[in-house]
Amino acid sequence: MFTAIVPVQNEESRVGRLLGRLLSLNQIRRIFVILNGSNRPTRMEVESVYKKNKGMITLVSFKEALGIDVPRAIGAKLAYSCNSPYALFVDGDLVGEITKELSAFLTRGARLHLDLALMNCYPHCTESNLQEPMFYFRRLLNKELGLYQELGIATPSHGPHIVSKRMLAAVPWPDFCIPPTLLVHAVWHKLRIGIAADIPHLLLGSSLKSGTHSQRICDTIAGDCLEALYMSRNLSRSRSFKGRTYLGYQKDRRFDLLEDFLAGRFMR
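Predicted, not measured: the structure shown is a model, and the values here were computed from it. (Residues numbered from 1 in each chain as written. Predicted model: local features only at pLDDT ≥ 70, side-chain atom pairs only at ≥ 80, totals over all residues. Heavy atoms only, no water.)

## Things to note about helix α4 (residues 99-111)
If you check α4, its first and last C-alpha atoms are 18 Å apart, about what 13 residues at 1.5 Å a residue would give, namely 18 Å. Restricting attention to buried positions, one finds in α4 the residues Thr99, Leu102, Phe105, Leu106, Gly109 and Ala110. All buried residues of α4 lie within an arc of 120° about the axis, which places them on one face of the element. Residues of α4 that are exposed and point more than 90 degrees away from the buried face comprise Lys100 and Arg111. In the segment just after α4, histidine 113 is the residue with positive phi, at about 55°. (Helix = DSSP H or I, 4+ residues; strand = E, 2+ residues; numbered from the N terminus. Expected span 1.5 Å × (residues − 1). Buried < 20%, exposed > 50% of the residue type's maximum accessible area, 1.4 Å probe, protein only. Arc of directions from axis to C-beta.)

Now the structure itself:
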């Protein structure tokens, strides 16, 4: 029923554990691993799992780094092309022991017929947290879309999430590179959106990064939310707000490589 999309970049000693857990879930019928300019140890770890599970895993390898979230667009197109009812997006660095929770997440998302099933990774977020830029813009967008009461600050930028075939058909592939825009498309197309699990961020077991990287991630998500906000108002997209521009990793996103892939010019 589910096709899993796993973007991977330099996640040796982690991605193997994640793939093992996904393989143990009986709801998952296929896994697309998008190797995103990864180093040799990561490739070897993924290939080791792949050789034992060729019937379940498909490897798609890019020598050049695609940039943050671009592998999601690649995976979305692949899941749609194989006629999957649902696509599960999960980052390749998540090693938290959440196998049971993830199984329940999949079951609940399908049972509720959600087109966009999100995970609430900050179920105990306080009002003071909401003043931080990344949380502030997540709340601002969800309020703008009339989703805040139901979703809080949940976003497809953060944590595993599920997208239905209906939604895969409705969203332009490049917008999967800017995850908050999925919320706008869901509202525009009157698709079903909801929370299918509450799993605190710390339990996901994502890898620890440098302070500089964390700040750039925050700016990336803030800027993505702003793009979605302007989009929802039918305005030209912008990543600026009150005199500040939130770029983060936006310039590293290789939309040109995505275009090559969609046009059939991709070479492994």
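What follows picks up the thread again.
## Some remarks on the pairing of strand β4 (residues 86-89)
Burial of the side chains of β4 extends over both faces: Tyr86 and Leu88 are buried on one face and Ala87 and Phe89 on the other. Of the strand pairs in this sheet, strand β1 (residues 2-8) and β4 are connected by four bridges, and their pairing is parallel. Paired with isoleucine 5 across the two strands is phenylalanine 89, which belongs to β4. As paired elements, β4 and strand β6 (residues 161-164) share four bridges and run antiparallel to each other. Its bridge partner lying in β6, alanine 87 is registered against valine 163. (Pairing = 2+ DSSP bridges.)

## Digging into the packing of aromatic side chains
What the rule picks out here adds up to 10 aromatic pairs. With a centroid separation of 5.7 Å and 55° between ring planes, the pair formed by tyrosine 80 and tryptophan 173 is classed as tilted. Remark: tryptophan 173 occurs in the loop between α7 (165-170) and α8 (181-188) and tyrosine 80 occurs in helix α3 (residues 70-81); sequence separation between them is 93 residues. Centroid distance phenylalanine 89 to phenylalanine 176: 6.2 Å. Interplanar angle 20°. Geometry classified as stacked. Within this pair, whereas phenylalanine 89 is found in strand β4, its partner phenylalanine 176 is found in the loop between α7 and α8, the two being separated by 87 residues in sequence. Of the two residues examined, phenylalanine 89 and phenylalanine 176, each falls in the buried class. In this structure an aromatic cluster arises from ring pairing among Tyr80, Phe89, Trp173 and Phe176. Between the NZ or CZ atom of lysine 143 and the centre of the ring of tyrosine 148, over which it lies, the distance is 5.3 Å. (Phe/Tyr/Trp six-rings, centres within 6.5 Å; stacked < 30°, edge-to-face > 60°. Lys NZ or Arg CZ within 6 Å of the ring centre and 35° of its normal.)

## A few points about the pairing of strand β5 (residues 116-120)
With five of five residues buried, β5 lies mostly within the body of the structure. Sheet topology note: the β5/β6 ladder contains two bridges and is antiparallel. Note that in β6 the partner of alanine 117 across the bridge is isoleucine 162. Direction of pairing for β5 relative to strand β7 (residues 193-198): parallel, over a ladder of five bridges. What sits directly across from leucine 118, in β7, is isoleucine 195.

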